[in-house]
Amino acid sequence: MIYIILMIKKIRSIFKAKILFLRPKKTNILIFDKTGHETLVDAIKLKKEEFSCCSTRLEDLNLFVLIKMILNGKMSYKSYLKQYIKLSNPKIVLTLIDNNLFFYLLKKDFPNIKFISVQNGYRFLNDNMLSVLNNSKIENNYYTSDYYFVFNNQIKRLMEQYINAKYIVSGSLKNNKLPMKTLDYKFNGNIGFISRFTQAILKSLEEKNDNNADYIVHKFSSELLISTAEYCKKYNKKLVILTAKPAWIENEKNYYNTILKNYNFEYLLKEHELDSYHNLSKVDVLVSPSSTLGSEALGRGFKVLYFSEDQILGSNLGWPFVKKLQGPFFSNKFDYHNVEKLINYISKLPKKDWLNILDEYSDYTCAFDYDNSILRNLIRKTLHNYQ
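Residues numbered from 1 in each chain as written. Predicted model: local features only at pLDDT ≥ 70, side-chain atom pairs only at ≥ 80, totals over all residues. Heavy atoms only, no water.

Student: Help me understand the sheet that holds strand S3 (residues 51–54), please; the structure alone is not making it clear to me.
Tutor: Strand pairing in a sheet is mediated by backbone hydrogen bonds. Such pairs are either parallel or antiparallel. Judged by pairing direction, the sheet is parallel, and its six strands sit side by side in the order S3-S2-S5-S6-S7-S8 without closing on themselves. Since the sheet does not close on itself, it has two edges, and those belong to S3 and strand S8 (163–169), each with one partner. Each adjacent strand pair in this sheet contributes to an overall mean axis angle of 25°, direction not counted. In the sheet, strand S7 (residues 143–150) pairs with S8 via six bridges, with the strands oriented parallel. In the sheet register, Tyr147 faces S8, and the bridge partner there is Lys166. Together, strand S2 (29–32), S3 and strand S5 (92–95) form the strand contacts of helix H4 (residues 77–88), whose direction differs from that of S2 by roughly 160°. Packing of helix H14 (residues 373–386) onto the sheet brings it into contact with S2, S5, strand S6 (114–118), S7 and S8, and relative to S6 it is tilted by some 170°. (Pairing = 2+ DSSP bridges. Helix = DSSP H or I, 4+ residues; strand = E, 2+ residues; numbered from the N terminus. Axes fitted to C-alpha atoms, helices over the stretch in contact; angles between N-to-C directions. Contact = heavy atoms within 4.5 Å.)

Student: What is the right way to look at the environment of Thr258 in this model?
Tutor: With respect to the helices, strands and loops of the structure, Thr258 is situated in helix H9 (residues 249–259). The class for Thr258 is exposed, based on a relative accessible area of 56%. The spatial distance from the C-alpha of Thr258 to the C-alpha of Arg157 is 41 Å, given a sequence separation of 101 residues. (Buried < 20%, exposed > 50% of the residue type's maximum accessible area, 1.4 Å probe, protein only.)

Student: Sorry, what's going on with the packing of aromatic side chains here?
Tutor: Each aromatic ring pair is specified by the distance between its two centres and by the angle formed by the two planes. This model, assessed by the stated rule, comprises 21 aromatic pairs. With a centroid separation of 5.3 Å and an interplanar angle of 70°, the aromatic rings of Phe330 and Tyr361 are classed as edge-to-face. Of this pair, Phe330 sits in strand S14 (residues 330–331) while Tyr361 sits in the loop between helix H13 (351–360) and H14, and the two are 31 residues apart along the sequence. The same class applies to Phe330 and to Tyr361, which are both buried. Above the plane of the ring of Phe321 lies Arg157, whose end atom (NZ or CZ) is 3.7 Å from the centre. (Phe/Tyr/Trp six-rings, centres within 6.5 Å; stacked < 30°, edge-to-face > 60°. Lys NZ or Arg CZ within 6 Å of the ring centre and 35° of its normal.)

Put into structure tokens, the structure is as follows:
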């Protein structure tokens, strides 16, 4: 049944796709999946003539590739993408959509091309990628890439069980763009809350299905937010919400205005790509509902409380290697009394003690590589070796 649904989606995509007639240009770097390609291009400082993109979601359909595929007696999605790669003749195939398992099936067909995937967000067992990997009986070399750039040692150890690659711990592409700063840890009374809002969460409110992953995130993050708002009200602190995405801002504000109708709060708006990271320095304690930004902030040394939800399997800090669900800055309990206890604890914690705690858990927070030097150097070295 699931294959029929996927086929229907593919057919619908084809009819919506923009038709291209020219043969794909030969390129040094082929970016697999247009989604997020701007982040990759900016992080690696690629010139326009150095790369091209392959639309894996059929935003556009190359007629030249399609005809070539048919003439070769092939008629499948995988055959189309393989033909596209073959005609592009790249030295490197690069993707930021590291949770697309199909990417890891291509390396065996192109042994002379370097395949590189770059992690773009945290993975939980509710996600398609880990749920498939965790429930499949596959050999370790079934999914393959030459290199896999990941956030931290936790992800490295986890993914090594499923995907055969050389793992490089390098942190987050966006987070790596800003230099590390020395923090003074003065407590001025600003409590930040990281928004988990998405359009999918908004849609989940229509059905309120307790088995819907997006609705689970809504219930978890909104309950945590109410506990945080109660703390700010009791202790006369300022609550500020770090917004998620500029394109959603009006819907996002309406969403939080409804949840926090009985509380005072403000927004720290994300109007540009790096605003989330600039906004970190405007709060004293950051409350994170299992967000990537929370881990990135921890990697930068900020005081962050990282909360998880038991229904979001694998969302607890350091899963599956950290067995404790409650620690000095993390917990799976987001009732008011626990939130109050943790905020009071880390807000008063001396700098030395906080940094010692972060060092103890450094394998489970986001690593840092300023200006993405490791990835950039690998790309340049690989291209040079082909000359």
